[in-house]
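Fold and geometry: a report
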Amino acid sequence: MARTSSNSPSSWLADAKSAWQDVTQSPSLHSVFGLIVLLIGMLGFIASASTLTTWTADYSAMELGFSQVLSQRDVVIQNLLGSIGAAVGMVGTVRGFGVASLLLWSAVMAFGLRWGLGLPIRTLRYARRSMLRAVLITSGLALIPWNAGDAVVGDFGRVLADWTTHWVGSLGAILTWFALATVHTVWVLQLRPQALGERLTAPKASMDPIPQPQALSEDELVVDEAPIVVDLMEPAVPALDDTLPPWDEADDDLLEPELLPTMPVDVALDVEPLAADDEPERALAEGAAAASTLASAGPYDPRRDLSRYQFPTLQLLNDYGQSAAKVDQEELEANKERIVDTLRNYKIEIAKIKATVGPTVTLYEIVPEAGIRISKIKSLEDDIALSLSALGIRIIAPIPGKGTIGIEVPNRNPQMVSMRSVLASEKFQKSDMDLPLALGKTISNEVFVVDLAKMPHLLMAGATGQGKSVGLNAILASILYKKHPAEVKFVLVDPKKVELTLFNTIERHFLAKLPGTDEAIITDTTKVIHTLNSLCIEMDQRYELLKSAFVRNLKEYNAKFTARKLNPEEGHRYLPYIVLVIDEFADLIMTAGKEVETPIARLAQLARAIGIHLIVATQRPSVNVITGIIKANFPARIAFKVSAKIDSRTILDAGGAEQLIGKGDMLISSGNDLIRLQCAFLDTPEVEQICEFIGGQQGYPEAYQLPEYESEEGGLGGGGNYSADERDSMFEEAARIVVIHQQGSASLLQRKLKLGYNRAGRLIDQLEDAGIIGPFEGSKARQVLIQDEMQLNERLKNL
């Protein structure tokens, strides 16, 4: 039964089908087939090429018939491939496409090279173009009035030319062929005929000959290293994609910070005081022993407690692709012509102009002719913006240190600057700054990295939705990617309660807070005041440590401590940097006023040397928020887009921020320099991934503890600064009115007790001192801390 089954027709067909599938899917068979096609193409190419010179001699022999030629040896054939080659050449060349048949045989060879040798040739596109070119060549040759012979033109070309001439005449046929050849050339070579027309019709900028654009060198197109500079007086900007190295994901691991070598065990030095009668030899011996013990211990490692901490990886950040600026020669030329035309309308001639391409804006540097006043160009800002149809341009007249006038024009297609590309840059990875901040890229496409420790404080402002919160996230991420939890701590103040909550995850690694508080992210105004005053206490304590260590700044102090030259038993400890971040400063000024401004001003004036640095952000850059005291102590300022020029002057002491285009476009001022940047983009999910990566690791038992702060008012448990004799005679009556109405205001006491303003104000102060009402909150009424009369009676009894 088994043999009968195996020999049945259906079984035989199934076996044959399976064997055929194995053969057809075999790579070896593909290679053999490809090599056969390649051989056929090569033989056909040689036969057609030989026919071009031997067809007249072989034509009479081929008239006998192909079978006669093959069977008779006395027939003389001059084709290099014999009678078969003469037949192939006669059909493909003489009766076909003439000399253009060589293109068709080259297409056959391309198929063979791809199938047989695996070369990456786009064979279908090559075949289509070969066929089209063959038609154009053979018909074009046929239209030329010369006696080139049948083999050169081919019957196909001659018939096509004859019919075209019959339909549109000789001149029409030539024009039709020329138009088709031009379209084909423009399509294949990606030419732009409009550029020739614009060049021919462009008006001259001066009496000098029209300068020609200059080709960019490869060195000028290196991303993150050299600016992209285009001399618009000369042509042809190569595509940027041809000059950029491919991104290698494997490089991410090479670009991450490395952990310093750690010490598993810290050695404590026990030094006993010498007795008065000890011999000098004994003292020398003990001193030598202590020195040898210190040498064996090695330097103190602040990272020892979290020696297994891993820095965040670049894979946590999104890869948005290549974010380098794209050079669009058409856009550059168009903007250049409009700028030159606009200035010429006002009798301003330009001697030279060049462009520096950035991610979102392009800087056009112009050199006017001699005798042109700079103020005249500066006054044409609106006219140039109108001619360019731009969102807003900025004129820098002159550019400091260059002797040129800058016109910043937004790009038609701005490029995103990803946080990943900025953090992966060599400039950030190899920086030895204490607190490096990777903010984004400059107008010359260079990564911009600054040291917060040298700024030493940063003021940020901008309208809502212009990139301020993203900028804060970029600043925090820069430090998280570079510093160990033992080296830096953050104090985060978020009155809006939603912007910085993601950083709660890293509380036991990077955050600092007041003792006894539940949340490290500070949102309550009263806690903000206490925290600022606690930082002032921390500042004073650190200065005492620096004084006793005979050093001038935090870096020198920590170097001395890690070298074990300071005794921990005397209160010395390793001091991390502390970065205070306030997200919405305007709200704090409105609710707390001087109570917030005073400690911030004190910290800004004194805290630089002991490693406390401030980053203050606000969306209301008005003079009552950013006061003179604040501005005087914040030399480094960042301005995102604002709505009015007066706001720009409030932040930067100069205009320009109102001309920004938003979406992270910003100006940074440090001293006299004003630099335009595109802020790096860091999305909320990326921040969440970074915080989860850090928070998932072993941390300290609790957040870094700031010094305890005792408010001068005494709070709910305080005895107050006023004694019973000093209190007003109407104190208890005023307290009952406030508790009954649940409103702590001087005007209420004036109405109810028929008092003057001064006495009512003193009563309010006494009620606050006794813990019955809360502190001053600006325009708001004071909070009443006692809920009913029973609680008030208990409170008055304790007083």
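Rules used in this analysis
- Residues numbered from 1 in each chain as written.
- Predicted model: local features only at pLDDT ≥ 70, side-chain atom pairs only at ≥ 80, totals over all residues.
- Heavy atoms only, no water.
- Helix = DSSP H or I, 4+ residues; strand = E, 2+ residues; numbered from the N terminus.
- Buried < 20%, exposed > 50% of the residue type's maximum accessible area, 1.4 Å probe, protein only.
- Areas by Shrake-Rupley, 256 points an atom, 1.4 Å probe, with all protein chains shown as cover.
- Contact = heavy atoms within 4.5 Å.
- Axes fitted to C-alpha atoms, helices over the stretch in contact; angles between N-to-C directions.
- Parallel < 35°, antiparallel > 145°, perpendicular 65-115°, else oblique.
- Left-handed = near helix turned anticlockwise from the far one by under 90°.
- Nonpolar A, V, L, I, M, F, W, Y, C, P; charged D, E, K, R; others polar.
- Expected span 1.5 Å × (residues − 1).
- Lys, Arg positive; Asp, Glu negative; His and termini not counted.
- Salt bridge = Lys/Arg side-chain N within 4 Å of Asp/Glu carboxyl O.
- Polar contact = N/O pair within 3.5 Å; in protein donor to acceptor, adjacent residues only side chain to side chain.
- Phe/Tyr/Trp six-rings, centres within 6.5 Å; stacked < 30°, edge-to-face > 60°.
- Pairing = 2+ DSSP bridges.
- Core = buried A, V, L, I, M, F, W, Y, C linked by side-chain atoms within 4.5 Å.
- 1 Å grid on protein atoms, 1.4 Å probe; cavity = no way out; pocket = protein on both sides within 12 Å on 5 of 7 lines; lining within 4 Å.
- Points joined across faces, edges and corners; volume = space filled by probe spheres on them.

**Some words on the overall build of the protein**
Looking only at helices and strands, the protein features 30 helices and 16 strands. A burial count over the protein gives 46% of its 799 residues as buried. By element, 57% of the accessible surface of the protein is carried by carbon and sulfur atoms, the whole surface being about 41,100 Å².

**What to know about the side chain of threonine 562**
Looking at where threonine 562 falls in the secondary structure, it is placed in helix α21 (residues 554-562). Aside from chain neighbours lying at most four places away, what touches threonine 562 is Pro299, Tyr300, Pro302 and Tyr574.

**Quick notes on the packing of helix α20 (residues 525-549) against helix α23 (residues 594-606)**
For the pair α20 and α23, the least separation of the axes is 9 Å and the interaxial angle reads 25°. In this view, α20 runs roughly parallel relative to α23, as classed from their interaxial angle. Crossing geometry of α20 relative to α23 is assigned as left-handed. Contact with α20, carried on its side by Ile529, Leu532, Asn533, Leu535, Cys536, Met539, Asp540 and Tyr543, involves Glu595, Val596, Pro599, Ile600, Arg602, Leu603 and Leu606 of α23 and no other residues of that element. Along the lines of polarity and charge, the residues of the contact of α20 with α23 split into eleven nonpolar, one polar and three charged.

**Description of helix α29 (residues 757-769)**
Its 13 residues give α29 an end-to-end C-alpha distance of 18 Å, which sits within 8% of 18 Å, the value for a rise of 1.5 Å per residue. Considered for burial, the residues of α29 that qualify are Ala760, Leu763, Ile764, Gln766, Leu767, Glu768 and Asp769. Buried positions along α29 lie against α27 (731-741) and α28 (746-753). Phi for glycine 771, located one or two positions after α29, is positive at around 80°.

**Focus: the side chain of lysine 489**
For lysine 489, the position within the fold is in strand β9 (residues 488-493). One buried charged side chain, lysine 489, makes no salt bridge at all; its nearest oppositely charged neighbour is aspartate 305, positioned 9.2 Å away. At 2.9 Å, the side chain of lysine 489 and the backbone oxygen of proline 485 are in polar contact. A distance of 2.8 Å separates the side chain of lysine 489 from the backbone oxygen of histidine 509, its partner in a polar contact. Excluding residues within four positions of it along the chain, lysine 489 makes contact with His509, Phe510, Leu511, Ala512, Pro576, Tyr577, Ile578, Val579, Tyr700 and Tyr704.

**Examining the packing of aromatic side chains**
Inspection of every chain in the model, using the stated rule, returns four aromatic pairs. On the basis of an interplanar angle of 75° and a centroid distance of 5.5 Å, the ring pair of tyrosine 309 and phenylalanine 311 is categorised as edge-to-face. Overall, tyrosine 309 belongs to the buried group, its relative accessible area being 2%. Where tyrosine 309 meets phenylalanine 510, the ring centres are 6.3 Å apart and the plane angle is 70°; that geometry is what we call edge-to-face.

**Concerning the pattern of salt bridges**
Enumeration over the complete set of coordinates arrives at 21 salt bridges. Between lysine 496 and glutamate 499 there is a salt bridge, and its shortest N-O distance comes to 3.7 Å. Here lysine 631 ties to aspartate 653 by a salt bridge, and the two come within 2.7 Å at their closest N and O atoms. Here the residue lysine 631 occupies a position in helix α24 (residues 628-632), and aspartate 653 occupies one in the loop between α25 (645-652) and β14 (665-670), the gap between them amounting to 22 residues. Residues joined in a network through salt bridges with shared partners are Arg394, Glu408, Asp665 and Arg676.

**Notes on the packing of α27 against α29**
Between α27 and α29, whose axes approach to 10 Å, the crossing angle comes to 75°. Comparing the axis directions of α27 and α29 gives the class roughly perpendicular. Mapping the contact onto sequence places Phe731, Ala734, Ala735 and Val738 in α27 and Leu763, Gln766 and Leu767 in α29. When grouped by side-chain class, the residues that make up the contact of α27 with α29 number six nonpolar, one polar and no charged.

**Notes on the pairing of strand β15 (residues 673-679)**
Along a regular strand, successive side chains alternate from one face of the sheet to the other. Pairing geometry for strand β6 (residues 436-442) and β15, over three bridges, is antiparallel. Note on β15: the bridge partner recorded for lysine 441 is glutamine 678. Bridging between β14 and β15 involves six bridges; their strand directions are antiparallel. Looking at β15, one finds that leucine 667 is bridged to arginine 676. Between the end of β14 and the start of β15, which pair antiparallel, lie two residues, with glycine 671 showing a positive phi angle near 75°.

**A closer look at the nonpolar core**
Membership of the largest hydrophobic core comes to 116 residues, with the highest contact counts inside it found for Leu439 and Phe503. For this core, the element with the highest residue contribution is α20, accounting for nine residues. Residue contacts for leucine 439: discarding those within four places in its chain leaves Phe448, Val450, Ile475, Ile638, Met666, Ile668, Leu677, Gln678, Cys679 and Ala680. Among the nonpolar cores identified, the runner-up in size contains 23 residues, and Leu753, Ala770, Ile773 and Leu796 belong to it.

**Comments concerning the pairing of strand β2 (residues 350-357)**
Judged from the seven bridges that link them, β2 and strand β3 (residues 361-368) form a sheet pairing that is antiparallel. From the neighbouring strand, alanine 355 faces β3, where its bridge partner is tyrosine 364.

**Notes on the layout of surface pockets**
In this structure, the largest pocket encloses a volume near 920 Å³. Along the wall of the largest pocket there are 36 residues; nearest its centre are Arg394, Ile396, Pro400, Leu674 and Ile675. Looking at the lining of the largest pocket, the elements with two or more residues in it are β2, β3, β4 (394-396), α25 and β15. For the lining of the largest pocket, the leading source of residues is β15, giving four residues. Taken together, the residues that form the lining of the largest pocket break down as 13 nonpolar, nine polar and 14 charged.

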